[in-house]
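# A structural walkthrough
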Amino acid sequence: IYSCVLEKKKDKTPGEIAEEIVSAKSLGVAYLEENELDSAEAQFEKLIELAPQDASGYANLGVVYLRMGKNDIAENNLKKAVGLDPDDPDIRLNLAKAYELNNDKEASFEMLKKNEEIAPDHVKTLYSIAEKYEGENDAQSMAGWESYMRKIVDKVPRNIVARLYFIEALLRNGNGDEALKNLEESQQIFPELPTGATEYFDQAGKLLHKKQVKEALTPLLILHNCLKLTPDYH
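Below: a short report on this structure. The structure presented is a predicted model; accordingly, all values stated were derived computationally and were not measured.

## As for unusual backbone geometry
Backbone geometry at Asn-35 places phi at a positive 60°, although glycine is not the residue there. Mapped onto the elements of the fold, Asn-35 is located in the loop between helix H2 (14-33) and helix H3 (37-50). By relative accessible area, which is 47% here, Asn-35 ends up partly exposed. Residue Lys-211 is not a glycine yet carries a positive backbone phi of 65°. As for its placement among the helices and strands, Lys-211 is situated in the loop between helix H12 (197-209) and helix H13 (213-228). Judged by its relative accessible area of 56%, Lys-211 is exposed.

This is the structure:
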């Protein structure tokens, strides 16, 4: 079978092969966006056959298998992709996710930290690290969550999602003054609050002005949940 494939390639000009590569990549991405996973899988397998040194074939096939729940196969493909393109932060991020889904939390966290070294401005990586800290309740983890949410807000100051999680981290760590400052700045990012949300924004602000930091957490969380329902938040 392999020799037949080689013969077929020999019959095509470099231009024709290049067109097939572009077509397989484009169709694969389109099918992936539409979540037509079987069709995407076929296109990325074709891409790997045509361009075995192109990391995108293995990387995208890894994403397909992650969505299929075939996490072991996804991990293997993503490892191959990282080997071909070790500096692509998106590939490394997906490999970290594969490790996590395969219950290798240590490898997942190490990959995220390595990604941060390679691409310190990669916001998705910073957010993934922040989530690791958020899931723990000890003081060190809470400090780590606040630290990474601060980095994210510094890089994307007008992202309301990052801002609200940063405020929550500040409140949980007792940093009321900075939380109030960020809450007031968030109104500039999201000037028109949805019906019902203004009440909780005002409650949180009033409590923080009174230095009632712990009490301000509840209205802040309700405000966040109200905003999650809006198109602007998404």
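Past the structure itself, the notes keep going.
## A look at the packing of H3 against helix H4 (residues 55-68)
As a packed pair, H3 and H4 sit with axes 9 Å apart at the nearest point and diverge in direction by 155°. Accordingly, the angle class assigned to the pair H3 and H4 is roughly antiparallel. Relative to H4, H3 is oriented so that their crossing is left-handed. Between H3, through Leu-37, Asp-38, Ala-40, Glu-41, Phe-44, Glu-45, Leu-47 and Ile-48, and H4, the contact on the second element is made entirely by Ser-56, Gly-57, Tyr-58, Asn-60, Leu-61, Val-64, Tyr-65, Arg-67 and Met-68.

## Things to note about the pattern of salt bridges
As enumerated under the stated definition, the model contains 14 salt bridges in all. Close ionic contact of Glu-100 with Lys-132 constitutes a salt bridge, the shortest N to O distance being 3.2 Å. Residue Glu-100 is located in helix H6 (residues 89-101), and its partner Lys-132 is located in helix H8 (residues 123-134); the two are separated by 32 residues in the primary sequence. Between Glu-146 and Arg-150 there is a salt bridge, and its shortest N-O distance comes to 2.9 Å. Of this pair, Glu-146 and Arg-150 both sit in helix H9 (residues 139-155), four residues apart, which is roughly one turn of the helix. One salt-bridge network, in which partners are shared between bridges, spans Lys-97, Glu-100 and Lys-132.

The rules behind these values
- Residues numbered from 1 in each chain as written.
- Predicted model: local features only at pLDDT ≥ 70, side-chain atom pairs only at ≥ 80, totals over all residues.
- Heavy atoms only, no water.
- Helix = DSSP H or I, 4+ residues; strand = E, 2+ residues; numbered from the N terminus.
- Buried < 20%, exposed > 50% of the residue type's maximum accessible area, 1.4 Å probe, protein only.
- Axes fitted to C-alpha atoms, helices over the stretch in contact; angles between N-to-C directions.
- Parallel < 35°, antiparallel > 145°, perpendicular 65-115°, else oblique.
- Left-handed = near helix turned anticlockwise from the far one by under 90°.
- Contact = heavy atoms within 4.5 Å.
- Salt bridge = Lys/Arg side-chain N within 4 Å of Asp/Glu carboxyl O.

Honestly, that's just the spatial picture; any functional story needs more than this.
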